[in-house]
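The residues making up each chain are set out below.
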Amino acid sequence: MAGTTTAATPLLKDELDIVIPTIRNLDFLEMWRPFFEPYHLIIVQDGDPSKVIKVPDGFDYELYNRNDINRIMGPRSSCISFKDSACRCFGYMVSKKKYIFTIDDDCFVAKDPSGKQINALEQHIKNLLCPSTPFFFNTLYDPFREGADFVRGYPFSLREGVPTAVSHGLWLNIPDYDAPTQLVKPLERNQRYVDMVLTIPKGTLFPMCGMNLAFDRELIGPAMYFGLMGDGQPIGRYDDMWAGWCVKVICDHLGLGVKTGLPYIWHSKASNPFVNLRKEYKGIFWQEEIIPFFQAAVLPKDCTTVQKCYIELSKQVKDKLGKVDPYFDKLADAMVTWIEAWDELNPAGASDQLPNGKA
């Protein structure tokens, strides 16, 4: 009929879950409504399970609190962090979708230099649906973007690329800084919008931030464990980075790609640097041991699945990092528990038989 328009079907509408960890009402979803409303949300409530979390009307969601985690996982719930945003990885485990997008509740819709609102979810999906090039760097960055291609001298045998497992987005306004940098640059804001996506090369680690992140759950999901952080643990704010180091080693071993760059979100508020310093201070020392460990980590050829890779990595964590602090023995055990719980809730070939919701 003349004068009518048909709205485009959102990309991967039935194949993607949005996972949000929170301790507060989710009013921030109103700004995201045009982009998120067609999708299913998994909300992981941290802290006091008796607190009522309000979600704006019109969203399709499941809400899990600590009581739900304990009920669903039983004794294995000990591997899910408490009073830390690392609890979000429970949402990854109970999802039955192929893709996951996770975002923090203090992140809002950013605008590009032209003033247009950025559909971060759509850009993440585009990143995940096109190949990565980890084995040879293309100086025009992502050759699969419109207006780009492989440059002269790029081997034709590598131009097919590999599947993209992770899309790591960035932030305008409040940068993702550690506490010491926050303290010396309290007023710094990121205003640089760089129109770029690139594949992180094989053998190169990166500090993964979980506030604006998407991944192919089927390709890398079992490695997206955000560790033991927060309440009762000697360290916090290293949850996403720990997952990123594990994921990158496994992606390199299995021939999968990790992209970083677009999309941007608007990070609205900086956390308290003094509180952060208390959470981070052991990590600041430990990372000088942790990063060389991951840089040197080698997985044997018989590690052909993410689960096998992760179990092997847990053994190496216990063997090498256990000497740094007893915490890493505990973390290595939790990594094994995580995989056991993942496999129990996601049995091979039975992904459609489990309910995606609370009993």
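Quantities reported herein were computed from a predicted structural model and do not represent experimental measurements.

With that settled, consider the overall build of the protein. In terms of helices and strands, the protein carries 10 helices and nine strands. Relative to the 2.2 N^0.38 estimate, which gives 21 Å for 359 residues, the radius of gyration of the protein is 20 Å and therefore close to what a compact globule would have. In terms of its C-alpha atoms, the protein occupies a principal-axis envelope of roughly 65 × 55 × 50 Å. When each of the 359 residues of the protein is scored for burial, the buried share is 52%. Accessible surface, the protein as shown: approximately 16700 Å² in total, 54% of it carbon and sulfur. In the protein, 39 side chains carry a positive charge and 45 a negative one; their mean positions are 2 Å apart.

So, about the layout of surface pockets. Its volume calculated, the second largest pocket comes out at about 470 Å³. Lining the second largest pocket are 21 residues, with Glu122, Gln123, Lys126, Arg145 and Leu262 positioned closest to its centre. Of all the secondary structure elements, the ones that give two or more residues to the lining of the second largest pocket are helix 4 (120–129) and strand 9 (257–267). Among the elements that make up the lining of the second largest pocket, the one with the highest residue count is helix 4 (four residues).

Right, let's talk about the UniProt feature "site: Required for activity" (unreviewed entry) in the protein for a bit. The feature "site: Required for activity" (unreviewed entry), as annotated in UniProt, sits at Arg152 and Arg159 in this numbering. Structurally, arginine 152 can be placed in the loop between helix 4 and strand 6 (164–173). Ignoring anything within four residues of it in the chain, the contact list for arginine 159 reads Phe144, Phe150, Val151 and Tyr154. A polar contact of 3.0 Å, which involves the side chain of arginine 159, links it to the backbone oxygen of tyrosine 154.

Our focus in this paragraph is the pattern of salt bridges. All chains considered together, the criterion is met by 17 salt bridges. Between aspartate 142 and lysine 259 there is a salt bridge, with its nearest N and O atoms 2.8 Å apart. Of this pair, aspartate 142 sits in the loop between helix 4 and strand 6 while lysine 259 sits in strand 9, placing them 117 residues apart in sequence. A relative accessible area of 0% places lysine 259 in the buried class. Beyond isolated ion pairs, a larger network of salt bridges with shared partners links Glu30, Arg33 and Glu37.

What follows is about the confidence of the model for the protein. Averaged over every residue, the pLDDT of the protein is 94; residues scoring 70 or more account for 95%. Below a pLDDT of 50 lies the segment residues 350–359, which in the model reaches 20 contacts outside its immediate sequence neighbourhood of four places, other chains included.

On to the UniProt feature "glycosylation site" (unreviewed entry) in the protein, then. Taken from the UniProt record, the annotation "glycosylation site" (unreviewed entry) applies to Arg152. Relative accessible area serves as the criterion here: at 84%, arginine 152 is assigned to the exposed category.

Together, Leu183, Val184, Phe274, Leu277, Tyr281 and Phe285 make up an exposed nonpolar region whose accessible area comes to about 640 Å². If you list the elements that add at least two residues to the nonpolar patch, you get helix 5 (179–184) and helix 8 (273–296). Per-element tally for the nonpolar patch: the top contributor is helix 8, with four residues. By the secondary structure assignment, valine 184 is in helix 5. Since its relative accessible area comes to 64%, valine 184 is described here as exposed.

The next point concerns helix 2 (residues 66–73). Inspection of helix 2 places Arg66, Asp68, Ile69 and Met73 among the buried residues, and these make up the whole buried set. Projection of helix 2 onto a plane perpendicular to its axis shows the buried side chains occupying an angular sector of 160 degrees, all on one side. Two or three places before asparagine 67, at the opening of helix 2, asparagine 65 has a side-chain oxygen 2.9 Å from that residue's backbone nitrogen. Note on helix 2: the residue one or two positions beyond its end, glycine 74, has a positive phi of about 65 degrees.

Now for the nonpolar core. Ile220, Tyr225, Trp242, Tyr310 and Trp338 are the most contacted members of the largest nonpolar core, which has 67 residues in total. Beyond its immediate sequence surroundings of up to four residues, tyrosine 310 is in contact with Pro222, Ala223, Tyr225, Trp242, Cys246, Ile250, Met335, Trp338 and Ile339. Formed by 31 residues, the second largest nonpolar core is a distinct cluster that contains Tyr39, Cys107, Val109 and Cys209.

The omega torsion across leucine 262 and proline 263 is 10 degrees, close enough to zero to call that bond cis. Mapped onto the elements of the fold, proline 263 is located in strand 9. Positive phi values are uncommon outside glycine, yet lysine 83 reaches one of about 55 degrees. Note on placement: lysine 83 falls in the loop between helix 2 and helix 3 (89–94).

Reading guide: rules and limits
- Residues numbered from 1 in each chain as written.
- Predicted model: local features only at pLDDT ≥ 70, side-chain atom pairs only at ≥ 80, totals over all residues.
- Heavy atoms only, no water.
- Helix = DSSP H or I, 4+ residues; strand = E, 2+ residues; numbered from the N terminus.
- Rg over C-alpha atoms; globule rule 2.2 N^0.38 Å.
- Buried < 20%, exposed > 50% of the residue type's maximum accessible area, 1.4 Å probe, protein only.
- Areas by Shrake-Rupley, 256 points an atom, 1.4 Å probe, with all protein chains shown as cover.
- Lys, Arg positive; Asp, Glu negative; His and termini not counted.
- Charge placed at Lys NZ, Arg CZ, Asp CG, Glu CD.
- 1 Å grid on protein atoms, 1.4 Å probe; cavity = no way out; pocket = protein on both sides within 12 Å on 5 of 7 lines; lining within 4 Å.
- Points joined across faces, edges and corners; volume = space filled by probe spheres on them.
- UniProt positions renumbered as here; feature names shortened; annotations may be inferred.
- Contact = heavy atoms within 4.5 Å.
- Polar contact = N/O pair within 3.5 Å; in protein donor to acceptor, adjacent residues only side chain to side chain.
- Salt bridge = Lys/Arg side-chain N within 4 Å of Asp/Glu carboxyl O.
- pLDDT = per-residue confidence, 0-100.
- Patch = residues over 30% accessible without salt bridge, like charges linked within 9 Å, V, L, I, M, F, W, Y side chains within 5 Å.
- Arc of directions from axis to C-beta.
- Core = buried A, V, L, I, M, F, W, Y, C linked by side-chain atoms within 4.5 Å.

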